[in-house]
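# Per-entry structural report
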Amino acid sequence: METDTVSELESTQKKSSQDLKNIEDKIVASHDTSIPEDDEELREKWGKKIEFLLSCIALSVGFGNVWRFPYTALQNGGGAFVIPYLIVLFVVGRPLYYLEMVVGQFSSRGCVKVYDLCPLMRGIGVGQTITMFTIVGYYAAILSLAVRYFVDSFRSPLPWSECQREWTNCVDSSFIGQIHKGEGNGSVVPSADLYFTKTIMNLLPNIDDGIGFPDWKLVLCLLVCWTAVTGLLIKGIKSSGKASYFLAIFPYVILLILLIRACTLTGAMEGLKYFVTPQWEKLLEPSVWYAAVSQCFFSLTIGLGAVIVFASFNSFSTNIYRDAMIISGLDTITSLISGVIVFGVVGNLSHITQREIPEVMKAGPQLVFVIYPDAIAKMDLAPNLFAVLFFFMFTILGLGTNIGIVTTILTSVRDRFPQLQNWKAVVMIAIAGFAYGLVFITPGGLTVLDVIDYYGVTFPTLTLIIFEMITFCWIYGVNRLCADIKFMLGIETGLFWRICWGFLTLLIIVAIFLLEVSRYKLMDVPTGINVFGWCLYSFIVLQTVGWACYAVFKQPQRGAQKFTETLKPTSDWGPESVSLRTNYTEMINHKESVGKDKSIWRKLYLRVFE
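Conventions we followed
Residues numbered from 1 in each chain as written. Predicted model: local features only at pLDDT ≥ 70, side-chain atom pairs only at ≥ 80, totals over all residues. Heavy atoms only, no water. Helix = DSSP H or I, 4+ residues; strand = E, 2+ residues; numbered from the N terminus. Expected span 1.5 Å × (residues − 1). Buried < 20%, exposed > 50% of the residue type's maximum accessible area, 1.4 Å probe, protein only. UniProt positions renumbered as here; feature names shortened; annotations may be inferred. Contact = heavy atoms within 4.5 Å. Phe/Tyr/Trp six-rings, centres within 6.5 Å; stacked < 30°, edge-to-face > 60°. Salt bridge = Lys/Arg side-chain N within 4 Å of Asp/Glu carboxyl O.

## Some thoughts on helix α2 (residues 49–60)
Given a rise of 1.5 Å per residue, 12 residues ought to cover 16 Å, and the 17 Å separating the end C-alpha atoms of α2 matches this to within 8%. Of all 12 residues making up α2, 10 are buried, and the element is well covered by its neighbours.

See below:
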C-alpha cells in the first residue's frame, strides 16, 4: 500500500514537472515568434535599441572615470589596485548591473515601482531616489565649474597660466622649470592652484563661520547647466535618447586625442610606470578592497536605481545580457584610458617641477581644475586648444551623467504621479536642483560636498544595496529571477550568476559595509555638520522602515498575514503586456503548486539553484 502511494506521488511529480516544461516550452515558442504587444502601450520606449546602450554609457562613463579612478589607483597601490578592481567588477559590479537591468526591463517599472515585487521594501527605491537628488546637486555644481573653465579656455593667454598681482608666493603655471621655496613664507604655489582657490571658488580655510555666498559667474554657469538638462529632457527619453549619440560617442574622440598627447609629453613614461607598477603589499590591506568596491559602485552607477530606470524603457525582449557586458567592459576600459592620460600629464608635471608624483597628484575636483590646467599651461603646443578640448569633454561627460540622474528622479516622480505632465516634472526638478546646487559653489562648498558625498551618498548606497540584494535575490528569489530571464529572453541563467546573486556578491558588500563602519572617523568639520550628516544618512535609510510600516498598514488582512502579504508580488506584477503577463502568471502559479510540499531546506536550496 505504502509502495503504491510513493509510486503515485512520484508519478504526480513527474506529471507536474512535465506540465511545467510544456508551459515553459510554449512560452519560449511564443517569445521566439514575438507575441505582439497590446495596443495600449503604458510606457514610452527608447526610439532605437542602440539609444539605451548609448544612454547607459553616457550615464556610467563620467566624472568617476576621469578624476576618481586615477587618484584612487594612486592611493591604493598603483597597478596593484587594478587587480582587486577587476575582481570586484567581475563578482560584484557585473552581477549587480545585470540584475538591475533584468528587473527594470522585465517589469517596465522605475526604481520605486519595481518594488511591486515586494511592497514591504518599497522604501529602498525611495531612499535611492533621494540619494540621486543628493548627488545631482553637486554633480551639476561641478559641471558648472567645467563650463566656467571651458569659457575661460578661449582667453589668451590662459587666465590661470599667470599670477595676479595680489597673489603672494605664486609662480606662473606657464613657467617650465623647478619650483623653489618662497622666501620665508613656505612653498610657492602654481597660479593654476590659486586661480581655482581664489578666483573661481574663493575657498575658505574652514566653514566654522559659514559657507559664504556663491560667485555670480558660477551661478550663471549653473543656470546654463540646468537649462541644458531641462531642454534635453523636456520631451522625455525620446529627446535624451537622440542626444545620447553625441553624449556617449564624442567624449571618446577627445579622449583619444588627449591620450596621444599625454603619452608624448616629456616625463609621461615615468608617470605611466608609477601607474602600472604594482605595490603588491597593498593587496593585503582591506581598505584597498573597499576602495575597489566604492569605485565600482561610483563608476557603474549601480545601487542607485538609474540602471533599473533606463532598462524599464526597453522593449521586453532586448538582449540586456549583451548590453550589460558591453557597458561594464567599456566603463573599465575608459577608466584605464583616463588613468593613462592623468598619469601621463602628472608625470610631465613631476618632471618639469622636479617633485614626486604623489606630491603633484590631487584628489577630487582639484585634479581636474588644478592639475590639468597647470599641465596644459606648460604645453608648448596650442595650450588653448587642449584646454578647450579637455573641458568640453568634461562638460559633455558631466551632462550625460546629470541627464541620467535626473531621468531616474523624474521616473520615480511620474510613476507615483502619472497624471503629472513630463515638462512640469522636469522644470520642478531643475528649479529644486538649481537652488540646492548653489550650496556647492559657495566658498565653503567643496567642504560641504565632501560631507554630503560621504553621509548622503557613499554610506547610504552601501546600506541600500544590501537591502536591495536581499529583496531581489532572497525574498523574491534567485530562482524566480532566472525564470523571469528565461521567460523574457529565452535563455538559461548559468551557475556563476546564481552563486553571485545568492551568496558571493551579497557577502562581499556586507563585509565592505562592516569594514567601513569599523574604520569610521568623524570628519574634520564642526560637530553640527557631522550631526547633520548622520541625520541625512538616517533620513535616507529609514525610508525603508517608514514605507514598510505603510505597506503593512495598507494590507486589508489581519494579524501576521498583513506582514506576509507585503512580501509577495502585487497582483499586477510581471510584464507590461497583458497577454505576456497572463502566460507568465500561469507559469509561476504552476511552479508554486509543484513546490508546495517541499521541506524548508529544500525550498531554500531551490531558491537559488532551481
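There's plenty left to go through after this.
## Thoughts on the UniProt feature "binding site: Na(+)" (unreviewed entry) in the chain
Residues annotated in UniProt with the feature "binding site: Na(+)" (unreviewed entry) correspond here to Val61, Asn65, Ser299 and Leu397. In terms of the greatest pairwise C-alpha distance, the residues named above, spread along 337 residues, form a tight cluster of at most 12.3 Å across. If you trace the backbone, valine 61 turns up in the loop between α2 and α3 (63–75). Residue contacts for valine 61: discarding those within four places in its chain leaves Tyr252, Asp331, Thr334, Leu397 and Thr401. With respect to the helices and strands, serine 299 occurs in helix α10 (residues 286–300). The residues contacting serine 299, other than those within four sequence positions of it, are Ser60, Asn65, Tyr85, Asp331 and Ser335.

## A short note on the packing of aromatic side chains
With the rule as written, the count across this model stands at 57 aromatic pairs. Taking 6.4 Å as the distance between ring centres and 50° as the angle between the ring planes, the aromatic pair formed by tryptophan 46 and phenylalanine 52 counts as tilted. Seen from their ring centres, phenylalanine 106 and phenylalanine 316 are 5.8 Å apart, and the 45° between their planes marks the pair as tilted. With phenylalanine 106 in helix α4 (residues 79–107) and phenylalanine 316 in the loop between α11 (306–312) and α12 (320–353), the pair connects residues that are 210 residues apart, well separated along the chain. Classification of phenylalanine 316 as buried rests on a relative accessible area of 11%. Through a chain of ring-to-ring contacts, the aromatic side chains of Tyr149, Trp160, Tyr195, Phe196, Phe369, Tyr372, Phe390, Phe391 and Phe394 assemble into a single cluster.

## Section: the pattern of salt bridges
Overall, the coordinates contain 16 salt bridges when judged by the stated rule. When the shortest N-O distance is used, the salt bridge between glutamate 270 and lysine 273 registers 3.8 Å. In this pair, glutamate 270 and lysine 273 are both assigned in helix α9 (residues 268–276), three residues apart and thus about one turn of the helix distant. Overall, lysine 273 belongs to the partly exposed group, its relative accessible area being 47%. Among the ionic pairs, aspartate 374 bridges to lysine 378, the shortest N-O distance being 3.0 Å.

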